[in-house]
Amino acid sequence: MKLQRHGTVAVAVLTASLALGACGAEKDTGAAVVGANVWKINCATGTLNAQGSSAQKNAMDEWRKNYQQQCPGSTINYEPTGSGAGVQAFISGTADFAGSDTALTSAQQPQANGRCGGNQAVNLPMVVGPIAVAYNLSGVDNLQLKPNTLAGIFSGDIEQWDDDAIKADNPGAALPSETIQSVHRSDESGTTGNFTGYLTAAAGSSWTFGQGQAWKAPGGTGSKGSDGVAQSVSSTDGSIGYMELSFAENAGLNMAKIQNGAGQFQELTPEAASKTIEGAQITGTGNDVTLNIDYATKAAGAYPIVLVTYEIVCSKGGPAGKTPLIKGFLDYTASGDGQGVLNGLGYAPLPGNVQSRVQSSVNNIS
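Residues numbered from 1 in each chain as written. Predicted model: local features only at pLDDT ≥ 70, side-chain atom pairs only at ≥ 80, totals over all residues. Heavy atoms only, no water.

Let us look at the overall build of the chain. Looking only at helices and strands, one finds 13 helices and 16 strands in the chain. Look at the contacts in the chain between residues 6 or more apart in sequence, and 71% of them connect residues 24 or more apart. Accessible surface for the chain amounts to roughly 14000 Å². Of this, 46% is attributable to carbon and sulfur atoms. (Helix = DSSP H or I, 4+ residues; strand = E, 2+ residues; numbered from the N terminus. Contact = heavy atoms within 4.5 Å. Areas by Shrake-Rupley, 256 points an atom, 1.4 Å probe, with all protein chains shown as cover.)

Okay, here's the thing in structure tokens:
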């Protein structure tokens, strides 16, 4: 599957930007002009140390590179230690901001607020990570699955590829009489949390194991990390697993079309994933932009299995002297140009309604 790249091409933008020498001292604003497009970026100097979600690592690497090239004197470090570790590092004060595939819990919120001097710590959705259901099945390259069928496969109730439920989802397909080898994450992960959240919301009584970052269903094979799941599926005929889109693409795996709440079998594209986030309800208060994702979305053309990675940051009272750089960097990542580089990395851009809310919250950081 080919992804379409939208927005200003980062390399071209950076080349023009550096030639113009747009950015300099802390709080200065530079602009790079490419044709009719203007990229305004708030540059600041100093060093940020952040950590957390591994799902957004590739996005962070691209953003850090772009911002540092555009803004000499800035250094942004990001360690993909996992969502839980990132949140704890933020709370303890060893991370200037954290990346997490879930928003702060009710237990974590007061601790994070305490780190911010009693001010609100906010969740800012920044990366939309489509979750692919990738498979390796000889002779089958256009698989489509209803949520109940998917739940049956991963719960162990559906054991053969030529099961009647899979046949009903794929009329006319030549499905082999072969045992299904399902692969799940062996480590706790936001990917599992969102995948099981989808099954809980969309599959009803067909999924009885609830939502959580730890895999609870019996059977199947566990592999560590999305890269491990992708490798297991790639090396095993008759296998199926869930992973972020970029890992499925890098492994050259086929990806199933998933039926959404509108009854459509939807191919996974960045645009289709963004449509699901577009319909999410913003449940955060003040400058917090926590989202409630509707995994059973009935939006036409929406791909329903997605995760969102949040940047967790102090709205006020952040690390001394680092607010301009935090604000400048997150202003870039939330911008049209920052979001525009995500398509080519296996992510989806924030839809406009969410992006504008995030940008407003970033502007209010003080």
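Still to come is the rest of the account.
The next subject is the sheet that holds strand S13 (residues 265-266). Read across the open sheet, the three strands follow the order S7-S12-S13; overall the sheet is mixed. Each edge of the sheet is formed by a strand with only one pairing partner; in this case those strands are strand S7 (144-145) and S13. Summarising the sheet, strand S12 (residues 257-259) and S13 pair through two bridges and their orientation is antiparallel. Bridge assignment links Ile-258 to a residue of S13, and that residue is Gln-266. (Pairing = 2+ DSSP bridges.)

A few words on the state of the cysteines. Applying the stated criterion across every chain, the model contains two disulfides. Each disulfide pairs two cysteine sulfurs, and for Cys-43 the partner residue is Cys-71, the sulfurs being separated by 2.0 Å. Handedness here is read from the sign of the S-S torsion; for Cys-43 and Cys-71, about -65°, the answer is left-handed. In this pair, Cys-43 is assigned in the loop between strand S2 (37-42) and strand S3 (46-52) and Cys-71 in the loop between helix H2 (57-70) and strand S4 (74-79), connecting sequence segments 28 residues apart. Assigned by exposure class, Cys-43 and Cys-71 land together as buried. A sulfur-sulfur separation of 2.0 Å characterises the disulfide bridge that pairs Cys-116 with Cys-314. The sign of the -85° torsion about the S-S bond sets the Cys-116-Cys-314 disulfide as left-handed. In this pair, Cys-116 is assigned in the loop between helix H4 (108-115) and strand S6 (121-136) and Cys-314 in strand S16 (residues 306-314), connecting sequence segments 198 residues apart. (Disulfide = S-S within 2.5 Å. Buried < 20%, exposed > 50% of the residue type's maximum accessible area, 1.4 Å probe, protein only.)

With that settled, consider the nonpolar core. Side chains that are nonpolar tend, in soluble globular proteins, to be buried together. Grouped together as the largest cluster of nonpolar side chains are 89 residues, with contacts concentrated most on Trp-63 and Leu-150. The leading source of residues in this core is S6, at 10 residues. With residues up to four places along the chain from it excluded, the contact list for Leu-150 reads Val-133, Leu-145, Phe-195, Tyr-198, Leu-199, Ile-258 and Ile-305. Ranked by size, the runner-up nonpolar core spans 10 residues in total, among them Leu-104, Cys-116, Ala-121 and Cys-314. (Core = buried A, V, L, I, M, F, W, Y, C linked by side-chain atoms within 4.5 Å.)

This part is about the pattern of salt bridges. For the coordinates displayed, the defined rule picks out five salt bridges. With a closest N to O distance of 3.1 Å, Asp-61 and Arg-64 form a salt bridge. Remark: Arg-64 and Asp-61 occur in helix H2; sequence separation between them is three residues, near one turn of the helix. Across the pair Asp-96 and Lys-322 runs a salt bridge, and its minimum N-O distance is 3.0 Å. Taken together, the residues span a long stretch of sequence, with Asp-96 in the loop between helix H3 (83-92) and strand S5 (97-100) and Lys-322 in the loop between S16 and helix H11 (323-333) at a distance of 226 residues. Residue class for Asp-96 comes out buried when judged on its relative accessible area of 6%. (Salt bridge = Lys/Arg side-chain N within 4 Å of Asp/Glu carboxyl O.)

So, about the packing of helix H5 (residues 147-155) against helix H7 (residues 190-202). It is the contact of H5 with H7, at a shortest axis distance of 9 Å, that shows an interaxial angle of 125°. It follows from the interaxial angle that H5 and H7 lie oblique. The chirality of how H5 crosses H7 is left-handed. On the side of H5, the interface is formed by Pro-147, Asn-148, Leu-150, Ala-151 and Phe-154, while H7 contributes Phe-195, Tyr-198, Leu-199 and Ala-202. Tallied by class, residues from the contact of H5 with H7 come to eight nonpolar, one polar and no charged. (Axes fitted to C-alpha atoms, helices over the stretch in contact; angles between N-to-C directions. Parallel < 35°, antiparallel > 145°, perpendicular 65-115°, else oblique. Left-handed = near helix turned anticlockwise from the far one by under 90°. Nonpolar A, V, L, I, M, F, W, Y, C, P; charged D, E, K, R; others polar.)

Here the focus is helix H10 (residues 270-278). Here H10 has its buried residues at Pro-270, Ala-272, Ala-273, Ser-274, Thr-276 and Ile-277. In this structure, the buried residues of H10 make contact with S6, S13, strand S15 (291-292), S16 and helix H13 (352-363).

Looking now at the pairing of strand S10 (residues 239-244). Where burial is concerned, most of S10 is hidden: six out of the six residues are buried. Where S6 and S10 come together, six bridges link them in antiparallel fashion. Along S10, the bridge assignment pairs Asn-136 with Ser-239. Judged from the three bridges that link them, strand S8 (residues 181-185) and S10 form a sheet pairing that is parallel. What sits directly across from Gln-181, in S10, is Ser-239.

What follows deals with the packing of H2 against H11. Orientation of H2 relative to H11, taken along the N-to-C sense of each, is 115°, at an axis distance of 10 Å. H11 is crossed by H2, and the crossing has right-handed handedness. In this structure, H2 contributes Met-60, Trp-63, Arg-64, Asn-66 and Tyr-67 to the contact, and H11 contributes Leu-325, Gly-328, Phe-329, Tyr-332 and Thr-333. Its residues assigned to classes, the contact of H2 with H11 shows six nonpolar, three polar and one charged.

So, about the environment of Pro-171. Its place among the elements puts Pro-171 in the loop between helix H6 (164-169) and S8. Sequence separation between Pro-171 and Gln-144 is 27 residues; the distance between their C-alpha atoms is 9.9 Å.

Turning our eyes to something else, we now look at the packing of aromatic side chains. Per the stated rule, a full pass over the model turns up 10 aromatic pairs. Ring centres of Phe-154 and Phe-195 lie 5.2 Å apart, and the angle between their planes is 75°; this geometry places the pair in the edge-to-face category. A residue pair is termed long-range when its members are at least 10 positions apart, and Phe-154 in helix H5 and Phe-195 in helix H7 qualify at 41 residues. The same class applies to Phe-154 as to Phe-195, namely buried. Ring plane angle 70° and centroid distance 5.2 Å describe the contact between Trp-207 and Phe-209, whose orientation is recorded as edge-to-face. Exposure remark for Phe-209: the relative accessible area of 26% places this residue in the partly exposed category. The ring of Phe-90 carries Arg-115 above its face, with NZ or CZ at 4.7 Å from the centroid. (Phe/Tyr/Trp six-rings, centres within 6.5 Å; stacked < 30°, edge-to-face > 60°. Lys NZ or Arg CZ within 6 Å of the ring centre and 35° of its normal.)

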